[in-house]
Amino acid sequence: MDDCLNEIIPQMIDLSSNKVCMIGIYGLGGIGKTTIAKVVYNRIAPLFMITSFISNVREDSKSRGLLHLQKQLLHEILPSRKNFISNVDEGIHMIQDRLCFKNVLLILDDVNTLDQLEALAGDRNWFSLGSRIIVTTRDRHLLDVHKMDAFYEVKKVDHKKAIELFKDYETLSNSMVCCVDGLPLGLKVLGRFLFGKTILEWERTEAIEGILFDLSIPKCKRIDITTKSFEMITRLRLLKIYWAHESTSMREDNKVKLSKDFEFPSHELRYLYWHGYPLESLLSSFYAEDLVELDMCYNSLKQLWVSYEPLEKLNTIRVSFSQHLMEIPDFSIRAPNLEKLILDGCSSLLEVHPFIGRLKKIIVLNLKNCKKFSSFLSIIDMEVLKILNFAGCSELKKFPDIQCNMEHLLELYLSSTTIEEFSSSIGRHIIGLVLLDLNRPIAEECWEPAKGTPFSFQIQDKNLMFKIIPRNHAEHFRECEQT
């Protein structure tokens, strides 16, 4: 830390200069940017007439808005003045008006968008001579665009220095430093956790049960996940690889490289969340008998499991927007406890196995916008199904044959399909429906209710959304909505 400060203060914050100076501090999340900014602030604040440290700009901007941040800044610099502003433009003018006559030290911590800078420190002419504006961010490009006067990159602690933080435990120290990849925040957390503990307790720490890997943080172009990197993690139960700040470009530019011979060392995995999974099928070595939830949206999968291992604990499969996925295997025997099967946006999906209709515990089945999906033969055992979504399945021409009582089905989505035929038994089996979303008329005789069935049927114009309304819920659905 002292080395960083000795470099930043003399070279970047030249207090002898009378110019307005903007300084950018950037680096990975958790690497120590905020800590450095706080120490700098505490050391040089007495030299300025007005000081303000605005923390958590990214989070507060998202949750409370730019106007809130402007009001916070105005309150901190002149708490006794009335600072009434109703929009961001008014805030900009008032900040300029209040700050242009006094030298200011302003810290903007964790900035992630240009509009935040423009709202809080848009230009040097906002500030009096001698002012210093320090911005911390993960994004160096943001600092370039705003034309900072100086930049400082906070780098990882080198291996040798990191080891010094773990004296007397050299072998395990090496393991811990590799585990957090030199990130100071990770070293700090591990150091606090392990302080005063025995070697045996350190070794137990290696039994990591959960890993969360945010792909939006690293600035590297490629991330290689290898068997070796997981070889010590033999009790892994949760693995989440995701984008905290998701965008289409991130999904298209998949940074993760995974070798086909990769092997999970753990046979205890319960939850796998991997958006952007790069391979065409799940690894043959993947042990999934204890898996409860599989969430792998925006992946490169063409098929799911190749093996036939039982998946009796599996509760949820979510593989939305799997653009290359073409078929869904039979889960009726392998995964008898499956409750949610989410396939929306799988634009290449042609079929699901006919026995999917035998899933007795399925509650949600979503095939929305599976544009090539054309056939779902029959619903045999789906008696507890609550939501069935075929909306956007433009090749689906026939509604499945229903062979069981579906009294729990509440919502049925059929808009933008080409369904031309409904079984005459549909009204007898679907008796608890609250909502039917359909973009065209349906013959009333196709929906012949069983005797005593408590719903009313509304035939509407083709431009309206249809609703089947149980009489005892009619007060909640007075009118059909425009689609």
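For clarity, every value in this text was computed on a predicted model and none was experimentally measured.

Asker: Can you walk me through the nonpolar core in this structure?
Answerer: As a rule of thumb, nonpolar side chains are buried together in soluble globular proteins. With 71 residues, the main nonpolar core has W274, W305 and F331 as its most contacted residues. Ignoring anything within four residues of it in the chain, the contact list for F331 reads L304, W305, L311, I317, P336, L338, I356 and L359. Listed in part, the 32 residues of the second largest apolar core include Y26, I50, V104 and A119.

Asker: What exactly am I supposed to notice about the pairing of strand β8 (residues 238-242) here?
Answerer: Along any regular strand, the residues point their side chains to alternate faces of the sheet. By the bridge criterion, five bridges tie strand β6 (residues 210-214) to β8 in an arrangement that is parallel. Residue pairing across strands places L212 opposite K240, the latter belonging to β8. Sheet analysis places β8 next to strand β10 (residues 271-274), joined by four bridges and oriented parallel. Directly across from L238, in β10, lies its bridge partner Y271.

Asker: Can you walk me through the packing of aromatic side chains in this structure?
Answerer: In this description, an aromatic ring pair is defined by two values, namely the gap between the centres and the angle between the planes. All chains considered together, the criterion is met by eight aromatic pairs. Aromatic pair Y298 and F321: ring centres 5.2 Å apart, planes at 5°, arrangement stacked. With Y298 in the loop between β11 (293-295) and β12 (316-318) and F321 in the loop between β12 and β13 (327-328), the pair connects residues that are 23 residues apart, well separated along the chain. Given a relative accessible area of 23%, Y298 falls into the partly exposed group.

Asker: Explain the packing of helix α4 (residues 66-77) against helix α5 (residues 88-99) here, please?
Answerer: The relative placement of two packed helices comes down to the angle between their axes together with the axis-to-axis distance. Relative to each other, α4 and α5 sit at 20°, their axes nearing to 10 Å. Accordingly, the angle class assigned to the pair α4 and α5 is roughly parallel. Handedness of the crossing formed by α4 with α5: left-handed. Here L66, L67, Q70, L73, L74 and I77 of α4 come into contact with α5, specifically with V88, G91, I92, M94, I95, R98 and L99.

Asker: Whenever I open this one, the sheet that holds β12 confuses me. Can you help?
Answerer: Whenever strands of a sheet pair, they do so through backbone hydrogen bonds, lying parallel or antiparallel. The strand order across the open sheet formed by 10 strands is β6-β8-β10-β11-β12-β14-β16-β18-β20-β21, and the pairing between neighbours is parallel. Each having just a single partner strand, β6 and β21 (435-437) make up the two edges of the open sheet. Taking the axes of each pair of neighbouring strands and ignoring which way they run, one obtains an average angle of 5° across the sheet.

Asker: Can you walk me through the side chain of H275 in this structure?
Answerer: Mapped onto the fold, H275 is located in the loop between β10 and β11. With a relative accessible area of 7%, H275 lands in the buried category. At a separation of 2.9 Å, a polar atom in the side chain of H275 contacts the side chain of D295.

Asker: Looking at this structure, I do not really get the state of the cysteines. What am I missing?
Answerer: By definition, a disulfide is the covalent link that joins the sulfur atoms of two cysteine residues. Counted under the stated rule, the structure contains zero disulfides. Residue C346 stays outside any disulfide, its sulfur separated by 5.0 Å from that of C370, the closest cysteine. Relative accessible area serves as the criterion here: at 0%, C346 is assigned to the buried category.

Asker: How do you make sense of unusual backbone geometry when you look at a structure like this?
Answerer: The general pattern is negative phi for most residues beyond glycine and trans for most peptide bonds. Notably, N56 is not glycine yet its phi reads approximately 55°, a positive angle. Within the element layout of this structure, N56 appears in the loop between β2 (50-54) and α3 (57-63). Its identity as a non-glycine residue notwithstanding, S416 has a phi of 60°, on the positive side. Secondary-structure assignment places S416 in the loop between β20 (411-413) and α13 (426-429).

Asker: Please clarify how helix α2 (residues 33-44) should be interpreted in this entry.
Answerer: Three or four residues apart is the spacing at which side chains of an α-helix point the same way, because the helix has 3.6 residues per turn. Over its 12 residues, α2 runs 17 Å from end to end, which matches the ideal 16 Å to within 8%, given 1.5 Å per residue. Considered for burial, the residues of α2 that qualify are K33, I36, A37, V40, Y41 and I44. All buried residues of α2 fall inside an arc of 135° around its axis, so they share one side.

Asker: Please explain the environment of A45 as it appears in this structure.
Answerer: With respect to the element layout, A45 can be found in the loop between α2 and β2. Sequence separation of A45 and L106 is 61 residues, and the distance between their C-alpha atoms is 9.4 Å. For A45, the residues in contact, after removing those within four places along its chain, are T51 and L105.

Asker: Explain the sheet that holds strand β4 (residues 132-137) here, please?
Answerer: Judged by pairing direction, the sheet is parallel, and its five strands sit side by side in the order β2-β3-β4-β1-β5 without closing on themselves. In the strand order of this sheet, the two ends are held by β2 and β5 (150-153), each with one partner. Direction aside, the axes of adjacent strands within the sheet are offset by 15° on average. Across five bridges, the pairing between strand β3 (residues 104-111) and β4 is parallel. Its bridge partner lying in β4, L105 is registered against R132. Along the sheet, α4 contacts β2 and β3; its crossing angle with β2, the most-contacted strand, is approximately 145°.

Asker: How should the confidence of the model for the protein be read in this particular structure?
Answerer: Close inspection of predicted coordinates is inappropriate for parts of the model with low pLDDT. For the protein, the mean per-residue pLDDT works out to 77, and 71% of the residues sit at or above 70. Taken as a whole, residues 443-483 scores under 50 in pLDDT and shows 92 contacts with residues more than four places along the chain or in a different chain.

Quick notes on the rules
Residues numbered from 1 in each chain as written. Predicted model: local features only at pLDDT ≥ 70, side-chain atom pairs only at ≥ 80, totals over all residues. Heavy atoms only, no water. Core = buried A, V, L, I, M, F, W, Y, C linked by side-chain atoms within 4.5 Å. Buried < 20%, exposed > 50% of the residue type's maximum accessible area, 1.4 Å probe, protein only. Contact = heavy atoms within 4.5 Å. Pairing = 2+ DSSP bridges. Helix = DSSP H or I, 4+ residues; strand = E, 2+ residues; numbered from the N terminus. Phe/Tyr/Trp six-rings, centres within 6.5 Å; stacked < 30°, edge-to-face > 60°. Axes fitted to C-alpha atoms, helices over the stretch in contact; angles between N-to-C directions. Parallel < 35°, antiparallel > 145°, perpendicular 65-115°, else oblique. Left-handed = near helix turned anticlockwise from the far one by under 90°. Polar contact = N/O pair within 3.5 Å; in protein donor to acceptor, adjacent residues only side chain to side chain. Disulfide = S-S within 2.5 Å. Expected span 1.5 Å × (residues − 1). Arc of directions from axis to C-beta. pLDDT = per-residue confidence, 0-100.

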